[in-house]
Structure formats: C-alpha cells, structure tokens
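# Observations on the model geometry
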Amino acid sequence: MKAIVCTKYGPPEVLQIKEVEKPTPKDNEVLIKIHASAVTVSDCIVRSGKVNILLWIPMRIFVGFRRPRRSILGLELAGEIEKIGKDIKRFKKGDQVFAFTGRKFGTYAEYTCMREDGLFMPDDGLVAIKPTNASYEEAASVPSRGTLALYFIRKGNIQKGQKVLIYGASGGVGTFAVQLARYYGAEVTGVCSTTNLELVKSLGADQVIDYTKEDFTKSSQAYDVIFDAVGKTSLSRSKGALKEKGFYLSVRSSTSEKAENLLFLKELIEAEKIRSIIDRCYPLEQTAEAHRYVEAGHKKGNVVINVRHSNLL
C-alpha cells in the first residue's frame, strides 16, 4: 500500500511517499480502508520535533527520541472497514467510520488497523460509525479537533446566556468551539483575522473581533469564559477581560479524548447543529505541501488529505 513515511524530524520535506506492507488485523482489530485524513498543527509539531523546552522530554518519550517511533504519522481518519478480526463485536465489514488513532498514529496511508476499544487504553484510540450526512473529508476533521473543542467547552461549564469569547475562532478547534458554545446557549464572540470574519459569523458568532484592528483585552467587555483555541494568549494577558468568577481555558493545557464525546459530536452533526469547515484538500502524494500550508498559520477550519484508491487488484 501507499503511505507517507517520516523517518526523521525536520521540515515538511521529510515526509516521503513509499510502498509499505499492508497491515493485517489481529483478532481484536479492524482493518480500515482510509478515504480521508486531516493535517493539524499537532501533526506538524510531531513531524518537526520542535516544542517548548519544557515539553521536549515528554514529547520525545511519547513520540520517539531520535526519530518518530511510528514512521507513518497522522492522528485522525475517515474510511471504510474492509476486514474484521474474529473477536470484533461492534463493527462489520463495510461500516463507514471515523477515528482518532492516538499513540498509534498511522492515518497518512491507504490502510490502518485499530482496536475497537482503543489502543493502549479505552480512550487512547477512538473509532465510531461516521455521521451519515458527512462526507469522508468532513468526518476526518472531527475526531481530534471536534473532541478537543468539546472538552474545553464542557470544562468551562458554559450556561445559557453567558458571554464566551473564542480566540482563534476560524481554526480547526475554533470553528467547532464557536458552534458548540452556541449550541449550549452562550452569547459568542469570535476573534479572528479580517479575511475570516464572515466565516465566523456564519458559524453563529454573535460578535466578531478583528484582532488586526482591535485588542479584546483593552475593551470594556467582560466574559464568563475565554477559550484560546490556538494557544497564543495567556491568563495574565486575558485576566482583565474576564468577569470576577470567569474561566480562562487554553488548548495548551492537557486534554483527554472520550469515546462518548465522539458519539455526541456524531449526533450533533446528524442533527445539523454543527458542521466541519474544510479549507483545502490535498492528495496523499502532497501531504508535505499540506503540512507546509498548515504551518503557515492561515488555514480556515481544517485541511484534509484525500486518499484515492486504485481499483486494480
């Protein structure tokens, strides 16, 4: 099968397309024919190996010291189950699924194997039937960015009528966060660049702030929750814009994915309460170019990899 292989840390050019052995599922695994994957900021950090000095050792323990321990990167996918192991109970051949692979990585490829109940622990790898009204490309962007947004929106304990500010509202996490905050009844203010104002409004934001023209920390408005969806602000900077008992949340803090969160997002998508925003799609062969675009820091919503399969045996 074709896969994008990363044998060392470095710039996008370290991602090379190669022919590798197609995996075979174990008794407790499913073989997934991948139709779409997503490229996130997290993927770019893993590939480059560049992180804050305080996070260098934890990351290398997680990913690999001299090179990525898993040479095929990628964390989320949407595809079709081609084969199941004899112990599989929840899925059958032909099921259309979306998944977060966790420490296994492996989504920059034509196929991957996953346990139906996670990899090292139940919530490390997540796989579920994808939303019926979402394309493979739309579904592929949900498992990590969507669950991440949901985690923080719930952590903020958002109540109906509260004022919530989403910083980085046009990004992969931010676009989901705006919609989820609205779903829970909040009055949402989105912060983004000039070119993305209309996009954020279309997602349901009540107010939008162009950060190139206005600093939200210097306005007279105070918020119950400030969620930094891109990790570029700080509590010390944002404190003046919080109400007395307000919450400041940032994607830079630790999170955990939960299977029930993925299923909840599936229900919201099928009910047309939220949707995935796709900026660009690249073929598998151009994964390095997709990384380069994401690293530039100007994407709107999500960047997706299309995995095209030959019908030849």
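Structural notes, computed from the coordinates. (Residues numbered from 1 in each chain as written. Predicted model: local features only at pLDDT ≥ 70, side-chain atom pairs only at ≥ 80, totals over all residues. Heavy atoms only, no water.)

### As for empty space enclosed by the protein
Counted only if it meets this: Lining residues are defined by having an atom within 4 Å of a point belonging to a cavity or pocket. Those points lie on a 1 Å grid over the protein atoms alone, cavities being sets where a 1.4 Å probe fits but cannot get out and pockets being open sets with protein on both sides within 12 Å along at least five of seven lines. Grid points are joined across faces, edges and corners, and a volume is the space filled by probe spheres set on the points. Helix and strand assignments come from DSSP, with helices taken as H or I runs of at least 4 residues and strands as E runs of at least 2, each series counted from the N terminus. Residues are grouped as follows: Ala, Val, Leu, Ile, Met, Phe, Trp, Tyr, Cys and Pro are nonpolar; Asp, Glu, Lys and Arg are charged; every other residue, Gly included, is polar.
Going through the model one piece at a time under the given rule, you end up with 1 cavity of 30 Å³ or more. As for the largest cavity, its lining consists of Ala-38, Val-39, Thr-40, Glu-76, Arg-145, Lys-299, Gly-301, Asn-302 and Val-303. Secondary structure elements with two or more residues in the lining of the largest cavity: strand S3 (29-39) and strand S14 (302-306). Residue composition of the lining of the largest cavity, by class: 3 nonpolar, 3 polar and 3 charged.

### A short note on the nonpolar core
Convention followed: In this description, a nonpolar core means a group of buried Ala, Val, Leu, Ile, Met, Phe, Trp, Tyr and Cys residues linked to one another through side-chain atoms lying within 4.5 Å. Three labels apply to residues, based on accessible area from a 1.4 Å probe with only protein chains included: buried if under 20% of the type maximum, exposed if over 50%, partly exposed otherwise in between. A contact between two residues is defined here by any heavy atoms of the two lying within 4.5 Å.
Counting residues in each nonpolar core, the largest one holds 87 residues, and the members touching the most others are Ile-32, Val-39, Ile-166, Val-178, Leu-180 and Phe-227. Apart from the residues within four sequence positions on either side, Phe-227 is in contact with Phe-152, Leu-165, Ile-166, Tyr-167, Val-173, Ala-177, Leu-249, Ser-250 and Val-251. Counting residues in each nonpolar core, the second largest holds 10 residues, with Val-191, Tyr-223, Ile-226 and Leu-242 among its members.

### What about the packing of aromatic side chains?
One pair of aromatic rings is described through two measures. These are the centre distance and the angle between the planes. Quick note on the threshold: Each aromatic pair joins two rings of Phe, Tyr and Trp (for Trp, the six-membered one) with centres within 6.5 Å, and gets the label stacked for planes under 30 degrees apart, edge-to-face for over 60, and tilted for any other angle.
Applying the stated rule across the entire model yields 6 aromatic pairs. Ring centres of Tyr-167 and Phe-216 lie 5.8 Å apart, and the angle between their planes is 50 degrees; on these two criteria the pair is classed as tilted. With a gap of 49 residues between them, Tyr-167 in strand S8 (residues 163-167) and Phe-216 in the loop between strand S10 (207-210) and strand S11 (223-228) connect regions that are remote in the sequence. Each member of the pair, Tyr-167 as well as Phe-216, is classed as buried. Pairing Tyr-183 with Tyr-184 gives two aromatic rings, centres 5.2 Å apart and planes at 80 degrees, and the pair type is edge-to-face. Classification of Tyr-183 as partly exposed rests on a relative accessible area of 37%. When its relative accessible area of 25% is taken as the criterion, Tyr-184 is described as partly exposed. Ring pairing ties together the aromatic residues Tyr-151, Phe-152 and Phe-227, which thus form one cluster.

### Some thoughts on unusual backbone geometry
Although it is not a glycine, Phe-105 sits at a positive phi angle of roughly 55 degrees. Its place among the elements puts Phe-105 in the loop between strand S5 (96-100) and strand S6 (111-115). A positive phi angle is found at Asn-157, which is not glycine, with a value near 50 degrees. Mapping Asn-157 onto the fold places it in the loop between helix H4 (142-155) and S8.

Without other data, these values stay purely geometric and don't point to any function.
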